[in-house]
Amino acid sequence: MAIVPNEPVLALRGISKRFGAVQALTDIQLEVRAGEVVALVGDNGAGKSTLVKAIAGVGPADEGVLEWQGRPVEITRPHDAQDLGIATVYQDLALCDNIDVVGNLFLGREILRAGVLDEVEMERRARELLSTLSIRIPSVRIPIASLSGGQRQTVAIARSMLGEPKLVILDEPTAALGVEQTAQVLDLVERLRERGLAVILISHNMVDVKAVADRVAVLRLGRNNGTFDVRTTSQEEIISAITGATDNAVTRRKARSGEAAK
């Protein structure tokens, strides 16, 4: 099924997850559309990682419905998510430092010819992919260990594109990066949106969120605490929802809207 711009790619309806006596997620609602970057934010322990694992099939939800392009689906293992078109780039990147860029891009997806690695074809495709995403690195044959943090992050994101995903989940992609490297990664996030992909960006950095996100979904103590349009919402209001300075950001915004309509 082809993606239609601005049409919902993923929708979560009442997602809940429990670990023993701990209720990690309660009735989570979230929608991500094609060509949109949705930032998922919240304090430590808010449930962000648990929610991402539910979407990626690493830790399936106990209750609720996941809809993919308008139809209910079951994601019980990572392969289910990958088959649908969901790619997740975790914070640890899972790159092999002693292998070159080509080897990392095709790790687990090697191209064979007559039972032998087709290095020429993999290098050609690697160059084509990096060029398409406007990713600049010294050489596709340089070991990953020789690249900067920002370059490693872009390679990890590029690797996720080999499966032609419709949704890319980025877990803290700019954590521990310098200013220039962060800009490089955020530029790539914008290019993913321009290509019509849906993007979920997990981040603690509100400057990065305001720079590239279209909407911000706030989790607090495993529950929704507001979804905000970046263009019309101040950073302070989003932070208030994260910290709980407002009892319920959703209720507060609805009340304000009602007062404005009177």
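Residues numbered from 1 in each chain as written. Predicted model: local features only at pLDDT ≥ 70, side-chain atom pairs only at ≥ 80, totals over all residues. Heavy atoms only, no water.

Engineer: So, the overall build of the protein chain: which residues are in play, and what are the values?
Structural biologist: Of the regular secondary structure elements, the protein chain holds nine helices and twelve strands. For 262 residues, the compact-globule estimate of 2.2 N^0.38 gives 18 Å, and the C-alpha radius of gyration of the protein chain, at 19 Å, lies within 12% of that figure. Scored against the burial criterion, the 262 residues of the protein chain give a buried share of 47%. Sequence separation of 24 or more characterises 64% of the internal contacts of the protein chain that already satisfy a separation of 6 or more. With the model as given, the accessible surface of the protein chain reaches about 13000 Å², and the carbon-plus-sulfur share is 49%. Looking at the protein chain, you have 31 positive and 34 negative side-chain charges, and the mean spots of the two groups are 3 Å apart. (Helix = DSSP H or I, 4+ residues; strand = E, 2+ residues; numbered from the N terminus. Rg over C-alpha atoms; globule rule 2.2 N^0.38 Å. Buried < 20%, exposed > 50% of the residue type's maximum accessible area, 1.4 Å probe, protein only. Contact = heavy atoms within 4.5 Å. Areas by Shrake-Rupley, 256 points an atom, 1.4 Å probe, with all protein chains shown as cover. Lys, Arg positive; Asp, Glu negative; His and termini not counted. Charge placed at Lys NZ, Arg CZ, Asp CG, Glu CD.)

Engineer: Report on the pattern of salt bridges, specifying residues and quantitative values.
Structural biologist: Per the counting criterion, the structure on display carries 18 salt bridges. A salt bridge links Arg152 to Asp97; the nearest nitrogen and oxygen atoms lie 3.5 Å apart. With Arg152 in helix H5 (residues 149-160) and Asp97 in the loop between strand E6 (86-89) and helix H3 (101-105), the pair connects residues that are 55 residues apart, well separated along the chain. Relative accessible area serves as the criterion here: at 23%, Arg152 is assigned to the partly exposed category. The exposure class assigned to Asp97 is partly exposed, which follows from its relative accessible area of 38%. When the shortest N-O distance is used, the salt bridge between Arg141 and Asp100 registers 2.9 Å. Of this pair, Arg141 sits in the loop between helix H4 (119-132) and H5 while Asp100 sits in the loop between E6 and H3, and the two are 41 residues apart along the sequence. The network of salt bridges with shared partners includes Asp100, Glu119, Glu123, Arg127 and Arg141. (Salt bridge = Lys/Arg side-chain N within 4 Å of Asp/Glu carboxyl O.)

Engineer: An account of the pairing of strand E10 (residues 198-202) is needed here, citing residue identities and associated values.
Structural biologist: Every other side chain in a regular strand lies on the same face of the sheet, so the side chains alternate between the two faces. With respect to burial, E10 is a largely interior element, five of its five residues being buried. Alternating residues of E10 divide into Ala198, Ile200 and Ile202 and Val199 and Leu201, and every residue in both groups is buried. Note: strand E3 (residues 37-41) against E10, four bridges, orientation parallel. In the strand pairing of E10, Ala39 is matched with Leu201. (Pairing = 2+ DSSP bridges.)

Engineer: Which residues make up the pairing of E3, and what values go with them?
Structural biologist: When you tally the buried positions in E3, you get five out of five residues, the bulk of the element. Side chains Val37, Ala39 and Val41 of E3 all project onto a buried face; the interleaved residues Val38 and Leu40 project onto the opposite face, where all are buried too. Across four bridges, E3 lies against strand E11 (residues 215-220) in parallel orientation. When the bridges of E11 are listed, Val38 appears paired with Arg215.

Engineer: Report on the environment of Ile157, specifying residues and quantitative values.
Structural biologist: With respect to the element layout, Ile157 can be found in helix H5. The exposure class assigned to Ile157 is buried, which follows from its relative accessible area of 0%. With 60 residues separating them along the chain, Ile157 and Ala217 place their C-alpha atoms 22 Å apart. Beyond its immediate chain neighbours, meaning those up to four positions away, Ile157 contacts Val89, Leu170, Val185, Leu188 and Leu192.

Functional significance is not addressed by these values, which are geometric in nature.
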